[in-house]
2 protein chains.
Amino acid sequence: MSHNDLNLPPVKYLPRLEQVWDWMDSEGISLVMLEDASGRRDQSVRWLTGQPGDALLFLSFNRRALLVPWDINLARQFVNEPAIEIAPYTEYGRLPKKAVAAAAKRLGIANGSKIEIPSITPYPSFLDFVGELADFDIICREKGASAEFKRFRTYKDDEEIAIYRKAAEITNGLIDLIEADVKSGKIKTEADAALLIETESRRHGCEGPGFGTLAAGVHRSFAIHAFPQYTFAPFAGPGLSILDFGVRLAGYTTDVTLTFARSLNPQQERLVALVERAYEKCLALAQPGVPASDVGIAIEKLFAKEKKKMPHGLGHGVGLDEHEYPVFRAEKDNEWTLEPGMVFTLEPGLYDPAEGGCRLENDILLTPAGQEVLTKSRIIRL
Amino acid sequence: MSHNDLNLPPVKYLPRLEQVWDWMDSEGISLVMLEDASGRRDQSVRWLTGQPGDALLFLSFNRRALLVPWDINLARQFVNEPAIEIAPYTEYGRLPKKAVAAAAKRLGIANGSKIEIPSITPYPSFLDFVGELADFDIICREKGASAEFKRFRTYKDDEEIAIYRKAAEITNGLIDLIEADVKSGKIKTEADAALLIETESRRHGCEGPGFGTLAAGVHRSFAIHAFPQYTFAPFAGPGLSILDFGVRLAGYTTDVTLTFARSLNPQQERLVALVERAYEKCLALAQPGVPASDVGIAIEKLFAKEKKKMPHGLGHGVGLDEHEYPVFRAEKDNEWTLEPGMVFTLEPGLYDPAEGGCRLENDILLTPAGQEVLTKSRIIRL
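Residues numbered from 1 in each chain as written. Chains lettered and ligands numbered in written order. Predicted model: local features only at pLDDT ≥ 70, side-chain atom pairs only at ≥ 80, totals over all residues. Heavy atoms only, no water.

Comments concerning helix α9 (residues 266-285) of chain A
All names here are of chain A. With 20 residues, α9 should cover 28 Å at 1.5 Å per step; its first-to-last C-alpha distance of 29 Å lies within 8% of that length. All buried positions along α9 are accounted for by Q268, L271, V272, L274, V275, A278, Y279, C282 and L283. When α9 is viewed along its axis, its buried side chains cluster within an angular range of 165 degrees and face the same direction. Pointing more than 90 degrees away from the buried face of α9 are the exposed residues P266, R270, E280 and A284. Two or three places before Q267, at the opening of α9, N265 has a side-chain oxygen 3.0 Å from that residue's backbone nitrogen. (Helix = DSSP H or I, 4+ residues; strand = E, 2+ residues; numbered from the N terminus. Expected span 1.5 Å × (residues − 1). Buried < 20%, exposed > 50% of the residue type's maximum accessible area, 1.4 Å probe, protein only. Arc of directions from axis to C-beta. Polar contact = N/O pair within 3.5 Å; in protein donor to acceptor, adjacent residues only side chain to side chain.)

Encoded structure:
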């Protein structure tokens, strides 16, 4: 099934580029370089161009966009916005600092102008950039272009929301199928569950799972993220089993966690009940206008009352990245307020080396009308 | 099948730690921090401790090692070397710069001492570290601890070589199985091939594939790395199809590429013949004592004579990372010389938007006795 068979609206890249160019105007930045490469992924490149793989992207004050992909043939297939110029990386020395100099020349950047490089540029590389590009004012900021574009991506546009609704529909179909197959005995092992997701996500037109599926039977569910991600160990036996997965549709991933509960002992029952209570509570709280930290703090308190501590965050934005904004950190310096357009997970979980783990995670969309729980993950009692 | 069923020798972490502590002595560094986290992976943490997931690792001048894992329960299962102390990340503020201060205190690091942080520390974070740890001399170097430990990992020890021989055996079994299944018609789609690798790698005791399998049928093989990685499109039809995969055994990945060739036209035949000639040539050259750049330059010349250009590197070391040292860059500043203990790929490839792509990739081990081609990947003519 192709993208088109799914009736997804075409993505409009130009308004996103305009948003970025306007921001550059307001900041007085002449050239921004983004890099999407192994170990230095930046999905803002895909968000702005449609290019899904390794590439540099240059955005200039004179409202030009130059994509320098590793694989020019692949880029020509994925990038259709005429405003975006494409040049092969081989012509740019295959080194970011050389590419910046060449791009600055091509795009007409005057000496002395401000050029912003990614916020994750390593300190030693930053010194190299400054040395190589002595004619320019090289800027590398934590709260600069990289962070700002990620902030733009937090508020999903209509096309992205349409993708999320469809991705959630596929995810929910998979949840039902997995529940049925576990109950019928067709899914017996962690691998049975994970491979079903590999197959079915693609059959429904997705690029694949959104990330490596985590399937942990009763002896491994104590870990937040099981290692290895799945094995041929039994799944959904007596005790607590966890299945954490997503599907990636047109670049955007869902992220849900199911817990399977069978023949629980009283300690396990208490763990599950507490996670369910936390889930209901955070879901009720996570409404437009609410500070994200308030939601985090409320759940931290709820668990603390029962002498429990959750070893991970309560939730996170999702999008082209598995982990986007907002964050729900229970700290006062967490400045995120929940707003329409956000798509995020809520995922309370508790883990015990002896009893196993329980996590319940769904994806929530906020709209001007309020809250929409996109996915239908749940505790499945067997 | 578990690690033990495979008769792999137990890994000895202490000699690796000793090697690192000796280097710290020689450099006058009091504390080294390594970080393995999402977006900032560093397999040296696993190489030194056995911990496969998110963690900080502190190594001190007084020959102590402190592991600060995200998931303490998981770490207790994987880390068995008694010399390694383990403390939960939650006690260290869940922020690297706070953890460094706490670790320095616990490990008895005197004010004014040199503390080295990862070479990939972003410039803005570097400034934060310096501000937060004003009592110490914070060091962040491109050619410092991170690079040096990666260099140590280039020369595999006996346990690692035993793992590689076994991983190659599993890979070779898979290559034969895939060839048979393509010929019998059991593998019809890209997904059939990729899912077989998902399943069979785990059945043979591996953690899974070494990386996302790339299976590209004739309409997608023009790309160096197909996107998405595999689909339900037909595989191994008339033309050129590529299958790039590895299996991850006890952390170490193999990395091979098969090309399937069916009913080729003359242009495609020339492409394949040229890749095969390049492969034979680089294999003959890649012997102990040879500068890696010489191998790269020879293949660049061979292709240039035929007016072709390879759009990626000729090969790379493999190990806990999919891409390790040495590199085969055809540049004079490539300082690597091939030496015993190295395990690397050789992978000449050519790609044409109209005719498709061809790549042949195997894993080579160098020993004092010479060259050992571990894997048996090949051009498979149908």
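After presenting the structure, the write-up continues.
Re the interface of chain B and chain A
Each partner contributes residues to the interface: chain B has 41 residues there, and chain A has 41 residues. Together, the buried faces of chain B and chain A total about 3800 Å²; carbon and sulfur atoms form 65% of this surface. Put simply, chain B and chain A have 0 salt bridges between them. The tally of links from chain B across to chain A stands at 8 residue pairs in polar contact (both at pLDDT 80 or more). (Contact = heavy atoms within 4.5 Å. Buried area = accessible area lost by both parts, 1.4 Å probe. Salt bridge = Lys/Arg side-chain N within 4 Å of Asp/Glu carboxyl O.)

Looking at the pairing of strand β19 (residues 370-373) of chain A
All names here are of chain A. Sheet topology places strand β18 (residues 362-367) next to β19; 4 bridges connect them, and they run antiparallel. Across the sheet, the residue bridging to I364 is V373, located in β19. In textbook terms, the turn of a hairpin is the stretch between consecutive antiparallel strands, and for β18 and β19 this stretch comprises 2 residues. (Pairing = 2+ DSSP bridges.)

Thoughts on the relation of the copies chain B and chain A
The transform that puts chain B on chain A rotates by 180 degrees and translates by 0.0 Å along the axis, for an RMSD of 0.0 Å. Taken together, these values place the two copies in the relation of a two-fold axis. (Least-squares fit on C-alpha atoms with pLDDT ≥ 70 in both.)

Description of the sheet that holds strand β8 (residues 214-216) of chain B
Residues and elements named next belong to chain B. What the 4 strands build is an open sheet, ordered β8-β9-β12-β20; its pairing is mixed. Each edge of the sheet is formed by a strand with only one pairing partner; in this case those strands are β8 and β20 (379-381). With direction set aside, neighbouring strand axes in the sheet form an average angle of 15 degrees. Direction of pairing for β8 relative to strand β9 (residues 239-245): antiparallel, over a ladder of 3 bridges. (Axes fitted to C-alpha atoms, helices over the stretch in contact; angles between N-to-C directions.)

Quick look at the pattern of salt bridges
Residues and elements named next belong to chain A. Applying the stated criterion across every chain, the model contains 68 salt bridges over all chains. Salt-bridge contacts for R203 lead to E200; the nearest nitrogen and oxygen are separated by 3.6 Å. Taken as a pair, R203 and E200 lie in helix α8 (residues 190-203) at a separation of 3 residues, close to a single helical turn. The partly exposed category is assigned to R203, whose relative accessible area is 46%. A single salt-bridge network, built from bridges that share partners, covers D42, R153, K156, D321 and E324.

Describing the packing of helix α1 (residues 14-27) of chain A against helix α6 (residues 145-154) of chain A
Residues and elements named next belong to chain A. One way to put it is that α1 packs onto α6 with a least axis distance of 11 Å and a crossing angle of 140 degrees. If you check the angle between α1 and α6, you find them oblique. Viewed along their axes, α1 and α6 form a crossing whose handedness is right-handed. Along the contact surface, α1 presents Q19, V20 and W23, while α6 presents A145, E148, F149 and F152. (Parallel < 35°, antiparallel > 145°, perpendicular 65-115°, else oblique. Left-handed = near helix turned anticlockwise from the far one by under 90°.)

Focus on the packing of aromatic side chains
Taken as a whole and assessed by the stated rule, the structure comprises 17 aromatic pairs over all chains. Relative to A:Y252, the ring of A:Y164 lies with its centre 5.9 Å away and its plane at 75 degrees, an arrangement referred to as edge-to-face. Of this pair, A:Y164 sits in helix α7 (residues 158-184) while A:Y252 sits in strand β11 (residues 252-253), placing them 88 residues apart in sequence. A:Y252 shares its class with A:Y164; the two are buried. Ring pairs connect the aromatic residues A:Y123, A:F126, B:Y123 and B:F126, which therefore count as one cluster. The ring of A:Y325 is capped by A:K150, whose NZ or CZ atom sits 4.5 Å from the centre of that ring. (Phe/Tyr/Trp six-rings, centres within 6.5 Å; stacked < 30°, edge-to-face > 60°. Lys NZ or Arg CZ within 6 Å of the ring centre and 35° of its normal.)

Re the nonpolar core
Taken as a class, soluble globular proteins show a tendency for nonpolar side chains to be buried jointly. If you look at the biggest cluster of nonpolar residues, it comprises 124 residues, and the most contacted ones within it are A:L59 and B:L59. Leave out the neighbours within four places in its chain, and A:L59 touches A:L17, A:V20, A:W21, A:M24, A:S30, A:L31, A:V32, A:L34, A:L48, A:R64, A:A65 and A:F149. Listed in part, the 48 residues of the second largest apolar core include A:F58, A:I138, B:L31 and B:Y89. (Core = buried A, V, L, I, M, F, W, Y, C linked by side-chain atoms within 4.5 Å.)

Quick notes on the sheet that holds strand β7 (residues 208-209) of chain B
Residues and elements named next belong to chain B. The strand order β7-β10-β11 describes an open sheet built from 3 strands, whose pairing is antiparallel. Each edge of the open sheet is held by one strand with a lone partner, namely β7 and β11 (252-253). Pairing geometry for β7 and strand β10 (residues 247-249), over 2 bridges, is antiparallel. The residue of β10 that forms the bridge with G208 is R248. Most of the contacts of helix α7 (residues 158-184) go to β10, to which it runs at about 145 degrees, and overall it touches β10 and β11.

So, the confidence of the model for chain A
Mean pLDDT over chain A works out to 95, with 99% of the residues at or above the 70 mark. The complex model carries a pTM of 0.95, and its ipTM stands at 0.93. (pLDDT = per-residue confidence, 0-100.)

Comments concerning the pairing of strand β3 (residues 64-69) of chain B
All names here are of chain B. Summarising burial for β3: 5 of the 6 residues are buried, a large majority. In the sheet, strand β2 (residues 55-60) pairs with β3 via 6 bridges, with the strands oriented antiparallel. If you follow F58 over to β3, its bridge partner there is L66. Hairpin remark: β2 followed by β3, antiparallel, with 3 residues in the connecting loop; positive phi at R63, about 60 degrees. Strand direction decides the pairing type here: β3 and strand β4 (residues 84-86), joined by 3 bridges, are parallel. In the sheet register, L66 faces β4, and the bridge partner there is E85. Running through helix α3 (residues 72-78), the crossover from β3 to the neighbouring parallel element β4 is right-handed. (Right-handed = clockwise from strand over helix to strand, strands pointing away.)

Details of helix α4 (residues 96-106) of chain B
Residues and elements named next belong to chain B. Within α4 the residues assigned to the buried category are P96, A99, V100, A103 and A104. Across the axial projection of α4, the buried residues extend over an arc of 135 degrees, all falling on one side. For α4, the elements touching its buried residues are β1 (31-36), β2, β3, β5 (114-116) and α5 (123-132). Just downstream of α4 lies G108, where phi reads positive at about 70 degrees.

Considering unusual backbone geometry
Residue and element names in this part refer to chain B. Residue P228 follows F227 across a cis peptide bond; omega there is -10 degrees. Along the chain, the position of P228 falls in the loop between β8 and β9. For the peptide bond that leads from Y325 to P326, omega is 0 degrees, which places it in the cis range. Residue position: P326 is located in strand β14 (residues 324-327).

Structural notes on the environment of A:K376
All names here are of chain A. With respect to the secondary-structure elements, K376 resides in the loop between β19 and β20 (379-381). For the pair K376 and D158, spaced 218 residues apart in the sequence, the C-alpha separation amounts to 22 Å. When residues no more than four places from it in sequence are discounted, the contact partners of K376 are N172, I175 and N362.

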